[in-house]
Amino acid sequence: MKRAINIFIPVLFAFAGCDTLPEAELERGGVTFDFQKLSDRRFRIPSVDDPRNIADDTPWRGGGECCNFHGVKSDDYAALRKKAVASIEWNSAAGVNSIVKKPEMEQTLGVEVARRTSAGFVKTVTLPDSRGGSYRINFRYKAVHKHQNASRANYVLIYFKKRDPKSGRWTTAKDIALTGGTYYGFPIGDTDGNWNIYSKEFALKAGCEALEIIIRIDGVGTLDFKDFTLVRGDGGEKVEELELSPHGELGGDFEISEGQVGTVGFYWAHDSKKPLKKGETVFALDLPRGFELLGTTFGDPETVRRIANPDGSSRTEFAMSAGYVLRWCGYNRMTALVRSTGAAGCEGKARLSVRSGGREAAKAVEFTLRTSRKISAVAPERYFNGIFPSGTSVYFGNSVADFALADFFGACGVRWLITNKATQEIVDAWRRAGIVHVTPELGASNGYYFGDDRNIPEEDKFRFSPTGEDWRLGHDKTFLANGYCPLAIIERRPYVVTNAFAKRIDDRFRFKGVDGGWSNWEPFMYETRGCVCGNCKRKFSEWLKTNPGGTLQEFRSKLHAEVVRTIDRHVRKLCGGGGVGMIPGVSWREGCSAWRGHYGNSEVKPVDYAGDMEWMNFWGPYVYWDAQAPYGKTERSPVWHFLLARDIRENTDRTYAPGRRPKLMAFPHALEGRSWVTQPEHLAMGFDSYFFNGWEASVGYFFPQGYDARYYRAFAEATTRAALCEKFVLDGKRNDESCSLEPVAEYEKPFTLDAKYAPLVKDASLLQHAVYDRGDSRMVAVLNFSDYADAFFTFKSGGMKGRFLLTDDNGVIYRRGRWRKTWDGEELAKGVMLYTGAARTRVFFIVPERSGLTPRAKSSIDAGEIPRIYASRRKELADRLAAGASADMKSEKIVRPRYRFD
């Protein structure tokens, strides 16, 4: 890893022979993967008369029998249902099934009961056989709710049925799902009232003869669906398969940089109820010439057997590790560390197979391995880009593999690593590679939870009184049943110190070189359920004496804040009194401008403790495509990152004076679960968004998790860009108002935001900029968040006097004319056309002619050429803009009428 030293060099040296520099080309930009084409190929909905369609044309059943209540206690459900049905309409006409749940339901039932009232349509589909296999359900739908945050208020439920041989009636079949159970339940999001595709593949064990399918809406709103089909999936009878993950969702190839390593991820859709003898479960990884296996996270290293083939390819066989947990591998991919030994351009076919008891245990996966150019980064000195791998996906159990990956992280510019598993040897390797901060994921989380413990003393238990929110207990039972009284934590009572702290925090600091800890901190399950033990009641009475007029919610939030501070002090003590302390990971909603008077949870407000923390992590918003469902242009644009990064930065600066202002860490979204994927360009622009808005660190969440060199390269490029601009951002003055960017007519128009939690964020554009002045120099970061629209724009920079050089982070010099390389302040204020490629960040520097500081020049271009290039591309730009707009309007795609942050 290179350090950010002497990244600016004298102008005379940089511009020696400037007139002979090669002519620059304008980078087109764009995204690496065409999600729309990938989606269209995989999720093309068959027509209802397709011979593969199993569903017949019998009508869907609606009406009162399809109205139910979830988590609602009632002595007379019949009467409650009658009141609910009076506010619900079921209609079927012209092939469309429609449910309308009227707003008056909230008056007749109450807001909470109305929210937990579902209405649906049901249909039973007889399967052609009972041998199991994979199936895909498809339909078009549109949904909208009265209230926002309803993204999980529509559901598809699939119940497994079989005939009772005596009565002939359908009965529920058990353990038909791969994970066990009697049904599948899939949430589907709102579409802002626009038609969208729903398509979902699922696997069945043998024994299911029919499916009872329910499509329902919860809460007040409308749901329409049509064109329902059910087809047997490509998996046939094989419900178990290996998958290249996530790149199996992205085309099936994997790049590894020259002479470096790659973390190749796999996913095994394994039947967790099906016993496998691990000693008899054997994998075989075949690699082409130019690649070698260094280790795996799921194999037993004592059983490795390598076979070299005459053509330079190889096979490695190994038994499944005894410690590997067989499960759906969402957050813990099976990972192989492969090193490229060939030159850039080398490629070949690889294959992973698995056998158990001498038989094939899953369908093998084949994929292409390819070598790309070597990756290197320049790391900033004071700003930190990092990664959060999660799970065991980067721990290979042998020093050759672990050290090689550590060195690769260092080469990519990784300077912060959040971990939940390590050894002293690995921590030392990370440090040698240049990683500055190593922070384990703490076992303390979400307020008062330190892991499952049924032996908590009675006096230390969290005591809550139900307040009508019992409907949430399904998810929250574990936290509530194992919570500690906040006073027990604050007072550091003996059992808390010797059990909770010792087992869930102290254990993470057994290694030298660990300097703090990160905690997931979402205590929503304690909202309105603060501890009501005798000690907390007495403490509240005492607090009221010094805080007359205070509320119970305020008291509980202050108590929660002291819990956070107590954990932070404990972590710092473990680090010898220093380090970065505890870093709470909270939602972006709790850090943006809405925290002034509006909180998602008034009993655990971050504003009550953030001023005492060295670091705060505001995670989200997450930008991704769930590749298990059809892709469409949605409100999840990566411009979210930039707009909310600016809002949270400004809000933090307004709230806290410099001496009490926490440093901000971001979590740009990389990969989550099985298939929440992003583009390499979106990952890089996420890092750029937080850096150029003055955050102190950004950590990829989760990364790498099976991503290839294209994503590491994006990380490295963003890190190098931060190193180049660090002094401007950290030592300069933000001055966005001094510059303006006016895109050409063929660029996407500004859009309207519906930003409930960030009310200061208003109308915005996909073309954003950040300006920093340092001395007589100016840096302008331009971020083009459009995936397909090149950005030609008129750039105006006011308030500058003298003569200046105009250059960018690619080392391009923008000449004023053929024989003149400098600009005066008036010319810059009048405006010059510049360019940024699609899905790209471009940084422009305006520096005095004799300042002595400018990036190294690599090429140059006459700025007068840019309007001519624009004119030559104008029709192409207009066609692409129109194509993007028309694609949004097709019924099978999600349209983008507005951008929503909730």
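Rules and cut-offs
Residues numbered from 1 in each chain as written. Predicted model: local features only at pLDDT ≥ 70, side-chain atom pairs only at ≥ 80, totals over all residues. Heavy atoms only, no water. Helix = DSSP H or I, 4+ residues; strand = E, 2+ residues; numbered from the N terminus. Buried < 20%, exposed > 50% of the residue type's maximum accessible area, 1.4 Å probe, protein only. Contact = heavy atoms within 4.5 Å. Areas by Shrake-Rupley, 256 points an atom, 1.4 Å probe, with all protein chains shown as cover. Pairing = 2+ DSSP bridges. Axes fitted to C-alpha atoms, helices over the stretch in contact; angles between N-to-C directions. Core = buried A, V, L, I, M, F, W, Y, C linked by side-chain atoms within 4.5 Å. Parallel < 35°, antiparallel > 145°, perpendicular 65-115°, else oblique. Left-handed = near helix turned anticlockwise from the far one by under 90°. Nonpolar A, V, L, I, M, F, W, Y, C, P; charged D, E, K, R; others polar. Salt bridge = Lys/Arg side-chain N within 4 Å of Asp/Glu carboxyl O. Phe/Tyr/Trp six-rings, centres within 6.5 Å; stacked < 30°, edge-to-face > 60°. Lys NZ or Arg CZ within 6 Å of the ring centre and 35° of its normal. Right-handed = clockwise from strand over helix to strand, strands pointing away. Polar contact = N/O pair within 3.5 Å; in protein donor to acceptor, adjacent residues only side chain to side chain.

We now examine the overall build of the chain. Scanning the chain for helices and strands turns up 17 helices and 47 strands. Per-residue burial over the chain gives 59% buried out of 902 residues. Of the contacts made within the chain by residues no fewer than 6 positions apart, 81% connect residues no fewer than 24 positions apart. Put simply, the chain shows about 36,500 Å² of open surface, and 49% of that area lies on carbon and sulfur atoms.

A cis amide bond, omega 5°, links S245 with the succeeding residue P246. Positionally, P246 belongs in the loop between β13 (242-244) and β14 (253-257). P704 follows F703 through a cis peptide bond whose omega is 5°. Positive phi, normally seen in glycine, also occurs at A94, with a value near 55°. With respect to the element layout, A94 can be found in the loop between β3 (88-93) and β4 (96-101). Non-glycine residue S390 carries a positive phi angle of around 65°. Summarising the element assignment, S390 is placed in the loop between β25 (384-388) and α6 (399-411). Residue class for S390 comes out buried when judged on its relative accessible area of 10%.

Taken in spatial order, the 3 strands make up an open sheet running β36-β40-β44, and their pairing is antiparallel. In this open sheet, the two edge strands, each paired with only one partner strand, are β36 (739-743) and β44 (832-836). The mean inter-strand angle of the sheet, taken between neighbouring strand axes irrespective of direction, is 35°.

Another point: the nonpolar core. F409, W430, I567 and M779 are the most contacted members of the largest nonpolar core, which totals 164 residues. Of the residues forming this core, the biggest block, 12 residues, is contributed by helix α15 (residues 709-731). With near-sequence residues (within four places) excluded, I567 lies in contact with A444, F450, F501, I505, W521 and M582. In this structure, I54, I158, Y184 and A203 belong to the second largest nonpolar core, which totals 52 residues.

Orientation of helix α13 (residues 639-655) relative to helix α14 (residues 680-692), taken along the N-to-C sense of each, is 15°, at an axis distance of 8 Å. Looking at the two axes, α13 sits roughly parallel to α14. Both α13 and α14 take part in a crossing whose hand is right-handed. Between α13 and α14, the contacting residues are H641, F642 and A645 on the first element and G686, S689 and Y690 on the second. Across the contact of α13 with α14, the residue classes break down as 3 nonpolar, 3 polar and no charged.

Moving on, we come to the pattern of salt bridges. Side chains carrying opposite charge are able to pair once their charged atoms draw close together. Counted under the stated rule, the structure contains 58 salt bridges. Residue D568 pairs with R572 through a salt bridge whose shortest N-O separation is 3.3 Å. Residue D568 and its partner R572 are located together in helix α12 (residues 552-574), separated by 4 residues, close to a single helical turn. On the accessibility criterion, D568 (5% relative accessible area) is buried. R572 sits in the buried class, given a relative accessible area of 19%.

Once that is clear, we can look at the packing of aromatic side chains. With the rule as written, the count across this model stands at 60 aromatic pairs. Ring centres of F35 and Y631 lie 5.5 Å apart, and the angle between their planes is 75°; this geometry places the pair in the edge-to-face category. One end of the pair, F35, is in helix α2 (residues 35-42); the other, Y631, is in the loop between β31 (625-626) and α13, and 596 residues separate them in sequence. For the pair F35 and Y631, a shared accessibility class is recorded, and that class is buried. Each member of the aromatic cluster is reached from another via a ring pair, and the members are F33, F408, F687, F703, Y707, Y711, Y712 and F715. Over the ring of W195 we find K226, and its NZ or CZ is 4.3 Å from the ring centre. Its end group placed over the ring of F403, R432 keeps NZ or CZ at 5.2 Å from the ring centre.

Below, the discussion takes up the side chain of R493. Structurally, R493 can be placed in the loop between α9 (486-490) and α10 (494-504). A relative accessible area of 13% places R493 in the buried class. Setting aside chain neighbours within four positions, we find R493 in contact with E459, D460, L487, A488 and N535.

What follows concerns the pairing of strand β27 (residues 437-440). Judged by which residues are buried, β27 turns out to be covered on both faces: H437 and T439 on one side and V438 and P440 on the other are all buried. Of the pairings in the sheet, the one linking strand β26 (residues 416-419) to β27 comprises 4 bridges and is parallel in character. Bridge pairing in β27 places I418 opposite T439. Crossover handedness for the path β26 to helix α7 (residues 424-432) to β27: right-handed.

For the rest of this paragraph, the subject is the side chain of E317. With respect to the helices and strands, E317 occurs in strand β19 (residues 314-319). When its relative accessible area of 18% is taken as the criterion, E317 is described as buried. In terms of polar contacts, E317 uses its side chain to reach the side chain of R305, at 2.6 Å. Contact partners of E317, with chain neighbours within four places excluded, come to F283, A284, T303, V304 and R305.

Next up on the list: the sheet that holds β26. Taken in spatial order, the 8 strands line up as β27-β26-β25-β34-β32-β30-β29-β28 in an open sheet, and their pairing is parallel. A strand with exactly one partner marks an edge of an open sheet, and here the two such strands are β27 and β28 (516-520). Averaged over all adjacent pairs, the angle separating strand axes in this sheet is 25°, with direction ignored.

As a further point, take the pairing of β19. Most of β19 is tucked away: 5 of the 6 residues are buried. When strand β16 (residues 281-287) meets β19, the two strands line up antiparallel, connected through 6 bridges. Following the sheet pairing, F283 is matched in β19 by F318. Strand direction decides the pairing type here: strand β18 (residues 305-308) and β19, joined by 4 bridges, are antiparallel. In the strand pairing of β19, I307 is matched with R315. Between β18 and β19, which pair antiparallel in sequence order, lie 5 residues; one of them, G312, sits at a positive phi of approximately 95°.

With that out of the way, let us pick up the packing of α14 against α15. Geometrically, a packed helix pair is captured by the angle between its two axes and the distance between the axes. α15 packs onto α14 with a crossing angle of 20° between their chain directions and a minimal axis gap of 8 Å. In this view, α14 runs roughly parallel relative to α15, as classed from their interaxial angle. Between α14 and α15 lies a crossing whose hand is right-handed. For the pair formed by α14 and α15, the contact residues are P680, L683, A684, F687, D688, F691 and F692 on the first element and R710, Y711, A714, F715, A718, R721, A722, C725, E726 and V729 on the second. A class-by-class count of the residues in the contact of α14 with α15 yields 13 nonpolar, no polar and 4 charged.

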